[in-house]
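Spelled out from the first residue to the last, the chains are:
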Amino acid sequence: MCDRCHSPHHLPLATKASEARAWDSPANRQQIIWSVVCQIPSGRTASYGEVARRAGVPGLARYVGRTLAQLPPGSQVPWHRVVNAQRRISFSLDSPQGQEQKLRLEAEGITVEKGRVAKRVFEG
DNA sequence: CTAATGACGATTA
DNA sequence: CTAATCGCCATTA
């Protein structure tokens with residue numbers, strides 16, 4: 001069990017046979033997605049859609065966002081490294097969460113300009 | 001039951 | 001570049 005992402009780390013993601021079983025429980029979906037986010041290296045970002053693809057559920061970007069919103073307070077999961085496909089922070093920049101995300105990214109050396117991160121650090 | 005609503009995305013105008 | 005549309009899916013009203 002990974003104390004950072006609240007899930008068994010490096011899950012053997014989805015050989016199609018086991019995939020259906022892994023996704024049958026909401027708790028498992030949570031774990032898989034959090035685990036994937038945990039694997040985004042510091043100083044880089046990934047889109048919601050990319051996280052969904054790596055989790056074995058292409059097209060469910062929206063679901064990823066919903067799941068990140070369910071992270072327990074004080075979680076070590078690097079949720080701030082997830083931005084949208086336009087490389088923009090999905091929160092309003094005025095919002096506390098938008099500010100928080102910007103600060104966290106900058107703390108990793110990622111400059112955020114107009115709510116946008118550089119192409120260099122972005123994995124689609 | 002339907003309708004609206006998101007930490008979304010691809011396409012089109 | 002922005003904005004609108006449609007598809008996506010779970011939750012909520």
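Residues numbered from 1 in each chain as written. Chains lettered and ligands numbered in written order. Predicted model: local features only at pLDDT ≥ 70, side-chain atom pairs only at ≥ 80, totals over all residues. Heavy atoms only, no water.

An unreviewed UniProt entry lists chain A under the name Cysteine methyltransferase, with Hydrocarboniclastica marina given as the organism.

## Considering the overall build of chain A
Under the convention used in this document: Numbering of helices and strands runs from the N terminus; a helix is a DSSP stretch of H or I covering at least four residues, while a strand is a stretch of E covering at least two. Note on exposure labels: buried denotes an accessible area under 20% of the residue type's maximum, exposed denotes more than 50%, and partly exposed covers the range between, all computed with a 1.4 Å probe on protein chains only. When checking whether two residues touch, look at their non-hydrogen atoms; a contact exists if any pair is within 4.5 Å. Computed with the Shrake-Rupley method and a 1.4 Å probe, the accessible areas treat only the protein chains shown as cover for residues.
Helix and strand content of chain A: 5 helices and 5 strands. For chain A, the sequential pattern of α-helices and β-strands runs α-α-β-α-α-β-α-β-β-β. Every one of the 124 residues in chain A was classed for burial, and the buried ones make up 40%. Expressed as a percentage of contacts within chain A between residues at least 6 apart in sequence, the contacts between residues at least 24 apart total 62%. Approximately 7000 Å² of chain A is accessible, and the part contributed by carbon and sulfur atoms is 53%.

## Focus: helix α5 (residues 96–107)
Quick reminder of the rule: Helix span, as expected, comes to 1.5 Å for every residue beyond the first. Here the arc refers to the set of directions running from the helix axis out to each C-beta atom.
Taking 1.5 Å per residue, 12 residues should reach 16 Å; α5 reaches 16 Å between its end C-alpha atoms and fits that length. Buried within α5 are the following residues: Gly98, Gln101 and Leu105. End-on view of α5: buried residues confined to an arc of 65°, all on one side of the axis. Exposed and facing more than 90 degrees away from the buried side of α5 are Pro96, Leu103 and Ala107. Following α5 by one or two positions, glycine 109 has its phi on the positive side, about 85°.

## Re the protein's contact with DNA strand C
Here is the rule we go by: Put simply, a residue is near a molecule or strand once any heavy atom of it comes within 4 Å of that molecule or strand. What qualifies as a polar contact is a pair of N or O atoms within 3.5 Å, subject to a donor-acceptor requirement within protein and to the restriction that residues adjacent in sequence count only when both atoms come from side chains. Residues were grouped as follows: Ala, Val, Leu, Ile, Met, Phe, Trp, Tyr, Cys and Pro as nonpolar; Asp, Glu, Lys and Arg as charged; and all remaining residues, including Gly, as polar.
In the vicinity of DNA strand C, the contacting residues are Leu60, Arg62, Tyr63, Arg66 and Arg116. Counting only atoms of DNA strand C within 4 Å of the protein, the sugar-phosphate share comes to 73%. A distance of 3.4 Å separates a sugar or linking oxygen of DNA strand C from a polar side-chain atom of arginine 66. Within the side chain of arginine 116, a nitrogen or oxygen atom sits 3.3 Å from a phosphate oxygen of DNA strand C. Ranked by residues supplied to the surface near DNA strand C, first place goes to helix α4 (residues 61–68) with 3 residues. Of the residues in the surface near DNA strand C, the class split is 2 nonpolar, no polar and 3 charged.

## Concerning the packing of helix α2 (residues 26–38) against α4
How we decide: To define axes, lines are fitted to C-alpha atoms, for helices over the stretch in contact only, and angles between the resulting N-to-C directions are given on a 0 to 180 degree scale. Angles below 35 degrees are treated as roughly parallel, those above 145 as roughly antiparallel, those between 65 and 115 as roughly perpendicular, and all remaining angles as oblique.
Viewed as axis vectors pointing N to C, α2 and α4 meet at an angle of 90°, and their least axial separation amounts to 10 Å. The orientation of α2 with respect to α4, classified from their angle, is roughly perpendicular. On the side of α2, the interface is formed by Arg29, Gln30, Ile33, Trp34 and Val37, while α4 contributes Tyr63, Val64, Thr67 and Leu68. Here the contact of α2 with α4 is built from residues that sort into 6 nonpolar, 2 polar and 1 charged.

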